[in-house]
Amino acid sequence: MPTRSIFGAQWGDEGKGKIIDLLAREADYVVRYQGGPNAGHTVVVNGNKFILRLVPSGILHPGKVNVIGNGVAVDPLSLFGEVKELTERGVTVDPRCLRVSAGAHVIFEHHKKIDALSERWRGAGRIGTTGRGIGPCYADKAARTGLRVADLLEPARLRARLTAVLVEKNALIESVHREAPFDLEQSLAQYSQVAERLAPFVADTGSEVRHAWKQGKSILFEGAQGAMLDIDHGTYPYVTSSNTGTAGIGTGAGFPPTQVERVLGVAKAYCTRVGEGPFPSEDKEKDGDTIREVGREFGSVTGRPRRCGWLDLVALRYALDLNGATGLVLTNLDVLSVFDQIPVCVAYDVPGQKGPVSEYPAHLPDIEGVRPRYERMPGWRVDIGAARRYGDLPKATRDYVEWVEERIGVPIELLSVGPERDAVIPRTA
Ligand code: GDP
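Here is a short report on the structure shown in this document. Keep in mind the model is a prediction, meaning the values are calculated, not measured.

**So, the state of the cysteines**
Under the defined criterion, the tally for this structure stands at 0 disulfides. As a non-bridged cysteine, Cys-345 has Cys-271 as the owner of its nearest cysteine sulfur, 8.4 Å distant. You can call Cys-345 buried: its relative accessible area is 0%.

Right, dumping it as structure tokens:
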């Protein structure tokens, strides 16, 4: 199998978990390179629902090496919570199948506290963070005050760095937010304990993955969140704190992105978004509610209702272009079966500009004011959940898929018609 990357081509929650799970069967290594424990991929295996937060989806396949790369924000407490849940459900998680980069930054309790506190202060300007400390952890990484996994493993270093860090964090928590500070000795005890458990999993993962690749092993890079939430290229500031696609692989996994041969975007046949920020094709009326109900569009970790709307080809083309996608996986096609007509956003009207715009606007103020232009495709109004071959799909569904494909400029390689592992249809001619 060639080296592959899978990324979210919308605002996250595109159903990547299932597709990664599917392709993980053919991979030797499954590598996460960005994001933190809010990722929440959902994989349904034999009717059992697994929600993976930090552990790569390859864990559900015995014999794979799953890597948490240096670009991931690691909350060791949450990680071991996840490991416990998986183990209790019969999934093996040991140092042979899970490797954690020594260079990954650690999310501490104070990061989570600060995350929640600063969101409260932002009021109307809140960005809709999940409060898991990921943003503050990446902020410390950039400020060079963060602690990496390797720092946890050396008691003297851990004490020295955490002492220095907590002085500043506690001053912020006490003086600005008027909340109780963290106790250094308690934090040290907590993280020394978790460090001992973590130690056998820790490795120079970048070097390991490069070596494996040189020996002909197949590598799958697992993206979290989505292209439109990329910190540089998404709808800043309503974004996540990392590079969510191809660009994140070099920095977050220590693997040359030039050697990634296949880049697959994953997009729903409609759009959803969690939290604040522009969403041009959002449907705040009845149809949006229908999508939410039929597609069960509630956050897998947070339970928050997702904002719902129609497929946005302007944003999708941008996401595919930006990441050098070689193909697309179109998921949740079954959800559209309830509609007589399916609107698809094909262009925007931008205030102050003449005529429709088909290029994604670069700046947030421009995006906030845009109005979507829709074309309406005929619906198919039959249940397609049992289809397993392209030819099983009604003509109207195939017409919809081919119509989208013509407009995005890359082949649609796979279609997904249900949450189950096998509800995937290879796109044939
Ligand atoms: P991820 O973060 O991109 O992996 O997305 P999620 O794990 O949040 O997946 C979105 C939800 O859609 C999950 O509950 C999946 O089980 C479900 N799902 C995935 N593919 C399909 C599909 O083709 N149809 C339907 N109806 N649900 C799907």
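**A look at the sheet that holds strand β15 (residues 341–349)**
Spatial ordering of the open sheet is given by β12-β13-β15-β16, a layout of 4 strands whose pairing is mixed. The sheet is open, and its two edges are formed by β12 (270–273) and β16 (371–378), each paired on a single side. The mean inter-strand angle of the sheet, taken between neighbouring strand axes irrespective of direction, is 50°. Two elements, β15 and β16, share 8 bridges in a ladder whose sense is antiparallel. The residue bridging Ile-342 from the neighbouring strand is Met-377, located in β16. Against the sheet, helix α10 (residues 286–294) contacts β12 and β13 (307–312), and its axis sits at roughly 100° relative to β13. Most of the contacts of helix α13 (residues 395–408) go to β16, to which it runs at about 145°, and overall it touches β13, β15 and β16.

**Observations concerning the pairing of strand β5 (residues 65–68)**
Of the two faces of β5, the one carrying Val-65 and Val-67 and the one carrying Asn-66 and Ile-68 are both buried. Here β5 pairs with strand β7 (residues 98–101) via 3 bridges, running parallel. Across the sheet, the residue bridging to Ile-68 is Val-100, located in β7.

**A look at the pairing of β13**
Summarising burial for β13: 6 of the 6 residues are buried, a large majority. In terms of strand pairing, β12 meets β13 through 4 bridges, oriented antiparallel. Bridge pairing links Arg-273 to Arg-307 in β13. Note: β13 against β15, 2 bridges, orientation parallel. Bridge pairing links Leu-311 to Val-344 in β15.

**Some points on the packing of helix α11 (residues 313–322) against α13**
The description of two helices packed together rests on the angle between their axes and the distance between the axes. Two elements in contact, α11 and α13, have axes whose closest approach is 10 Å; the angle formed by their N-to-C orientations is 55°. Taken together, the axes of α11 and α13 lie oblique to each other. Crossing hand, α11 versus α13: right-handed. Along the contact surface, α11 presents Leu-313, Leu-316, Arg-317 and Leu-320, while α13 presents Trp-403, Val-404, Arg-407 and Ile-408. Looking at the contact of α11 with α13 residue by residue, the classes come out as 6 nonpolar, no polar and 2 charged.

Quick notes on the rules
Numbering of residues begins from 1 in every chain and follows the order in which that chain's sequence is written. Where totals are concerned, whole chains, interfaces and linings use all residues; where local detail is concerned, this predicted model gives features only for residues with pLDDT of at least 70, and gives and counts side-chain atom pairs only at 80 or more. Values reported for side chains reflect all heavy atoms of the structure, with hydrogen atoms and water molecules removed beforehand. By definition, disulfides here are pairs of cysteine sulfur atoms that lie within 2.5 Å. Type-normalised accessible area, obtained with a 1.4 Å probe on protein chains alone, sets the label of each residue: buried when under 20%, exposed when over 50%, and partly exposed for intermediate values. Should DSSP find at least two bridges between two strands, the strands are regarded as paired. Segments assigned H or I by DSSP are reported as helices when at least four residues long, segments assigned E as strands when at least two residues long, and all are numbered from the N terminus. Comment: axis = line fitted to C-alpha atoms, over the contacting stretch for helices; angle = value between 0 and 180 degrees taken between N-to-C directions. In this description, contact between two residues means that some pair of their heavy atoms is separated by no more than 4.5 Å. Should an angle fall under 35 degrees it is taken as roughly parallel, and over 145 as roughly antiparallel, whereas 65 to 115 is taken as roughly perpendicular and any remaining angle as oblique. Note on convention: the crossing is left-handed when the near helix lies turned anticlockwise from the far helix by less than a right angle, right-handed when the turn is clockwise. Residue classes follow a fixed rule: Ala, Val, Leu, Ile, Met, Phe, Trp, Tyr, Cys and Pro count as nonpolar, while Asp, Glu, Lys and Arg count as charged, and any other residue, Gly among them, counts as polar.

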